[in-house]
Structure formats: structure tokens, C-alpha cells
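Overview (structure and organization)
Here are the chains, one letter per residue:
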Amino acid sequence: MATNAVIQKWALVSAVFRNFGFLFSPIHVGKDGIRMQWRGAMLNTQDYKAQILDEMACRFEANHNSLADAYALIWAIDVYASLVWFETGKKGKECKFKDAIQAQCEEFGIIRSASNAIKHIERGDKDVVVYSMGDIRAGSGPSFHSWFANGGNSEPSVAITMNWEHDPDTNEFRDGAGKIMVAPESHWKTQYLRRLYRPAIEAIEAKLKELQKVCPT
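Criteria and thresholds
- Throughout, residues of each chain are indexed from 1 in the direction in which the sequence is written.
- Confidence filtering applies because this is a predicted model: local features only for residues at pLDDT of at least 70, side-chain atom pairs given and counted only at 80 or more, and all residues used for totals across whole chains, interfaces and linings.
- Computation of side-chain values: all heavy atoms of the structure, hydrogens and water removed.
- Helix and strand definitions here come from DSSP, where helices need a minimum of 4 consecutive H or I residues and strands a minimum of 2 consecutive E residues; each element is numbered from the N-terminal end.
- Buried means the residue's accessible area, taken with a 1.4 Å probe over protein chains only, is under 20% of the maximum for its type, while exposed means over 50%, and partly exposed covers the values in between.
- One bridge is not enough; two strands pair if DSSP finds at least two bridges between them.
- Aromatic pairing here means that ring centres of Phe, Tyr or Trp (its six-membered ring) are within 6.5 Å. Orientation follows from the plane angle: under 30 degrees is stacked, over 60 is edge-to-face, and everything else is tilted.
- Look at NZ for Lys and CZ for Arg. If either is within 6 Å of the ring centre and within 35 degrees of the ring normal, a charge sits over the ring.
- The term salt bridge refers to a pairing of a side-chain nitrogen on Lys or Arg with a carboxyl oxygen on Asp or Glu at a separation within 4 Å.
- pLDDT is a per-residue confidence score from the predictor, ranging from 0 to 100.
- We call two residues contacting when some pair of their heavy atoms lies within 4.5 Å.

1. Comments concerning the environment of W188
With respect to the helices, strands and loops of the structure, W188 is situated in the loop between β8 (180–181) and β9 (190–192). With a relative accessible area of 34%, W188 lands in the partly exposed category. Taking the C-alpha atoms as reference points, W188 and H166, 22 residues apart in sequence, are found 9.9 Å from one another.

Take a look at the structure:
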């Protein structure tokens, strides 16, 4: 039987779907990959960013301690990467395409992992950046940590806790499975979505521009 915590988390996800249903209703997954439509017309990356992603970012900035707005923005960013992969010819697997962006931008990797954590509630593998939906939380109040990790802003804000540990004796970082990992650029185990989402979007756009130069439309 589902626990109260799981029921509450799914209630929150349901609220996101109700409030931001237009984010998901245009998405269709078939044998040809992901296809997105908006009022019957195909959405390209430029329209998606203007009509959906930028809107989600504005809503989150207006209420950056809202889990509903945070979830919607996290999903919107992950879908943006999927749409870039689709629009630029679906070369290779979608996951490998996102791996390439993640290799260039740690912030995108965190948001991508958070998106999967929300979708699966709890990941089956331990060696992931964000292990569960519960690792994405609204802030409880001003703190010393939030002031530094949130760019000098100590207001409550949605934060994401990473699934890794630092060993101060050896100065090594280990993932959730206990394996030594490459040290993260930011050593903060808990990071704020406000500091993550802009670099993630910029990394996706950089990849899009790179591919457009190789295969101009």
C-alpha cells in the first residue's frame, strides 16, 4: 500500500499537471521519437522556448519556493533538450545526446537527473545525481548555507540535494553506489534551482547552435 508521503508527492505532481497541463499535452512519443504540437501546429525549438520554457522560468522566478513551479520548470528544461535532439535530426540515442550536454554543463546534469527522479519517484540505480523526488524540496527559511549557495539570496527557495558524499580525509567524492566520482564543480551537496536553470538552458542552446552550424536548415 502506498505511504502517505508517496500519496502526497503524487498529489503534488497531479497539481503540476492540472496547472501546467499545456506543458505535457502536446507531447507524443512514437516510433519516430518525440513530437510536440501546440494547438495543432508543430512546435519548433524557438516557439517552445518562447511559449513554454520562458513562461515556466518567469513563473518560477515569481515564486521560487513553489514546488509546483519548480517541477514544471525542471520538466520544461528536460523536454527542451529532447526537442533539440528531435529537431536536429535525432542522430544517435536521445540519452547520449543529453549525456553530451551534461558533459559540458553540470547544472544540466542535475536538472536532468531531477526530472527523472520526479518521474520515477525513486531511482532504481544508486549512481545517479538525484536519487528521489524527495531530494527536491522547498526551503524552510533563511540560512547561512542558502546565502552562499543561492548567490547571496537567503530567502526560502527550492533546492536539490545531490546523491553523493565527500570524504574530507581523502578529499574524494563518491556517488550513491559508493564509487569514486569526478569532483563536482560546485561542492555544495544541496544546490538551489535558481542557480542551476539558466546555465542548463544556455548549454542546450549552445548545443543547438553547434548543430545548426553543422547542418543548417
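2. Points about the pairing of strand β6 (residues 164–167)
The pairing of β6 with strand β7 (residues 172–175) spans 4 bridges and is classified as antiparallel. When the sheet's bridge partners are listed, E165 is paired in β7 with R174. Between β6 and β7, which pair antiparallel in sequence order, lie 4 residues; one of them, N171, sits at a positive phi of approximately 55°.

3. What about the packing of aromatic side chains?
Within this structure, the stated rule accounts for 4 aromatic pairs. Consider the rings of Y71 and W75, whose centres lie 6.1 Å apart with planes at 70°: the pair is edge-to-face. Of the two residues, Y71 and W75 both sit in helix α4 (residues 67–87), 4 residues apart, roughly one turn of that helix. Ring plane angle 80° and centroid distance 5.2 Å describe the contact between W164 and F173, whose orientation is recorded as edge-to-face. Looking at W164, the relative accessible area reads 6%, which means it is buried. It is K189 that lies over the ring of W164; its NZ or CZ is 5.7 Å from the centre.

4. Thoughts on the pattern of salt bridges
Inspection of every chain in the model, using the stated rule, returns 11 salt bridges. A salt bridge links K49 to D54; its shortest N-O distance comes to 2.9 Å. On the accessibility criterion, D54 (30% relative accessible area) is partly exposed. Linking E61 and R194 is a salt bridge whose minimum nitrogen-to-oxygen distance equals 2.8 Å. Of the two residues, E61 is situated in helix α3 (residues 45–62) and R194 in helix α8 (residues 193–214); the sequence distance between them amounts to 133 residues.

5. A word on the confidence of the model for the protein
Here the protein averages 80 in pLDDT, and 72% of its residues register 70 or above. Contacts for the low-pLDDT stretch residues 17–40, under 50 throughout, to residues beyond four places or in other chains number 52 contacts.

6. Some words on the sheet that holds β6
The strands that make up a sheet pair up through hydrogen bonds in the backbone, lying either parallel or antiparallel. Sheet architecture is open: 3 strands sit in the order β6-β7-β8, paired in antiparallel fashion. The open sheet terminates on both sides in strands that have one partner only, identified here as β6 and β8. Both β7 and β8 contribute to a ladder of 2 bridges, which runs antiparallel. Across the sheet, residue F173 finds its bridge partner in β8, namely M181.

7. A few points about unusual backbone geometry
Positive phi is not limited to glycine here, since I121 has a value of about 70°. In this structure, N171 is a non-glycine residue whose phi angle is positive, near 55°. By the element assignment, N171 lies in the loop between β6 and β7. Judged by its relative accessible area of 53%, N171 is exposed.

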